[in-house]
Amino acid sequence: MRKVVLFTASSLDGFIATKSGGIDWLFTDADYGYKRFFNSIDTTLTGYKTYKKALSFSEFVFPGKANYVFSRKKRRPDPNVTFVSRNVPAFVRTLKKEKSGKNIWLVGGGSINSVMLNAGLIDEMIISYHPIILGGGIPLFTDKSRESEFTLVRQKLYPSGLVQIRYKK
Ligand SMILES: NC(=O)c1ccc[n+]([C@@H]2O[C@H](COP(=O)([O-])OP(=O)(O)OC[C@H]3O[C@@H](n4cnc5c(N)ncnc54)[C@H](OP(=O)(O)O)[C@@H]3O)[C@@H](O)[C@H]2O)c1
């Protein structure tokens, strides 16, 4: 079965963005395995706020993938994405079972990460901890999270001080 993999960047104090949604701190010269990971997936899952942030970039950031954006509201159609308002866990379970293909990237943000964690739907996490303290912001898991144990798969330390940790359920 296809795996759902949360691939994300976090500050050392566990934030994925500043309070105002700022993510400038995560763009560096290095790739940190992003291209390889991008080639390993064919589907993305994104919360509406992260999608909105992605729209501020000059190009669409997930070309050539099946992109699902979760929102409870009716949104203006976008040919690059499919909006999903119904039960998120049920939708993702169906996606995992019914469609063959590559792995599924859980892009985030913190709100959708919590929904997916609490539904037991995160199979793997690849978290790149940047050597920065933000002092506040949007947490990796925004809502109350259920206790969930993961097992270390591998760790990689980069000269920049970034530590990338891969966990599986
Ligand atoms: N560091 C990183 O690698 C990284 C990765 C991803 C995101 N981010 C950052 O994280 C920030 C956004 O995170 P966030 O936690 O504020 O928001 P988010 O998870 O991206 O989006 C939240 C929105 O998703 C929709 N949603 C949430 N639960 C839902 C459900 N059960 N059913 C249907 N729709 C649901 C709602 O949209 P509606 O209000 O439209 O209903 C909600 O407002 C952005 O600044 C982004 O840049 C950083």
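The structure displayed is predicted, hence computed values, not measured ones.

1. Re the site of the ligand
Part 1 of the reasoning: The environment of the ligand is made up of 26 residues, and the closest members are A9, T50, S71, R72 and R75.
Part 2 of the reasoning: Relative to its unbound accessible surface of 940 Å², the ligand loses 88% to contact with the protein.
Part 3 of the reasoning: Applying the majority rule of atoms within 2 Å of the grid points places the ligand in the largest pocket.
Part 4 of the reasoning: Counting only elements with at least two residues in the shell around the ligand, the list comes to β1 (4-11), β2 (15-17), α2 (48-55), β6 (103-108) and α4 (110-118).
Part 5 of the reasoning: Residue contributions to the shell around the ligand peak at four residues, all from α2.
Part 6 of the reasoning: A per-class count over the shell around the ligand returns eleven nonpolar, ten polar and five charged.

2. Observations regarding empty space enclosed by the protein
Part 1 of the reasoning: Summed over the entire model, instances satisfying the criterion amount to one cavity of 30 Å³ or more.
Part 2 of the reasoning: Considered as a void within the structure, the largest cavity measures approximately 40 Å³ in volume.
Part 3 of the reasoning: What lines the largest cavity is simply T44, T46, Y51, A54, F60, F62, N67, Y68, V69 and V81.
Part 4 of the reasoning: Elements that contribute at least two residues to the lining of the largest cavity include exactly β3 (41-47), α2 and β4 (66-70).
Part 5 of the reasoning: At three residues, β4 tops the list of elements feeding residues into the lining of the largest cavity.

3. Quick notes on the packing of aromatic side chains
Each aromatic ring pair is summarised here by two numbers: the centre-to-centre distance and the angle between the ring planes.
Part 1 of the reasoning: Evaluated as defined, the whole model comprises 16 aromatic pairs.
Part 2 of the reasoning: Plain terms: the ring middles of F7 and Y34 are 6.1 Å apart, the flat faces sit at 55° to each other, and that makes the pair tilted. Within this pair, whereas F7 is found in strand β1, its partner Y34 is found in helix α1 (residues 34-39), the two being separated by 27 residues in sequence.
Part 3 of the reasoning: For F7, a relative accessible area of 10% corresponds to the buried category.
Part 4 of the reasoning: A relative accessible area of 28% means that Y34 is categorised as partly exposed.
Part 5 of the reasoning: Note on F60 and F62: the rings are 6.0 Å apart at their centroids and 85° apart in plane angle, and the pair reads as edge-to-face.
Part 6 of the reasoning: Taking relative accessible area as the criterion, F60 reaches 24% and is therefore assigned partly exposed.

What counts and how
Residues numbered from 1 in each chain as written. Predicted model: local features only at pLDDT ≥ 70, side-chain atom pairs only at ≥ 80, totals over all residues. Heavy atoms only, no water. Near = heavy atom within 4 Å. Areas by Shrake-Rupley, 256 points an atom, 1.4 Å probe, with all protein chains shown as cover. 1 Å grid on protein atoms, 1.4 Å probe; cavity = no way out; pocket = protein on both sides within 12 Å on 5 of 7 lines; lining within 4 Å. Sits in = over half its atoms within 2 Å of the grid points. Helix = DSSP H or I, 4+ residues; strand = E, 2+ residues; numbered from the N terminus. Nonpolar A, V, L, I, M, F, W, Y, C, P; charged D, E, K, R; others polar. Points joined across faces, edges and corners; volume = space filled by probe spheres on them. Phe/Tyr/Trp six-rings, centres within 6.5 Å; stacked < 30°, edge-to-face > 60°. Buried < 20%, exposed > 50% of the residue type's maximum accessible area, 1.4 Å probe, protein only.

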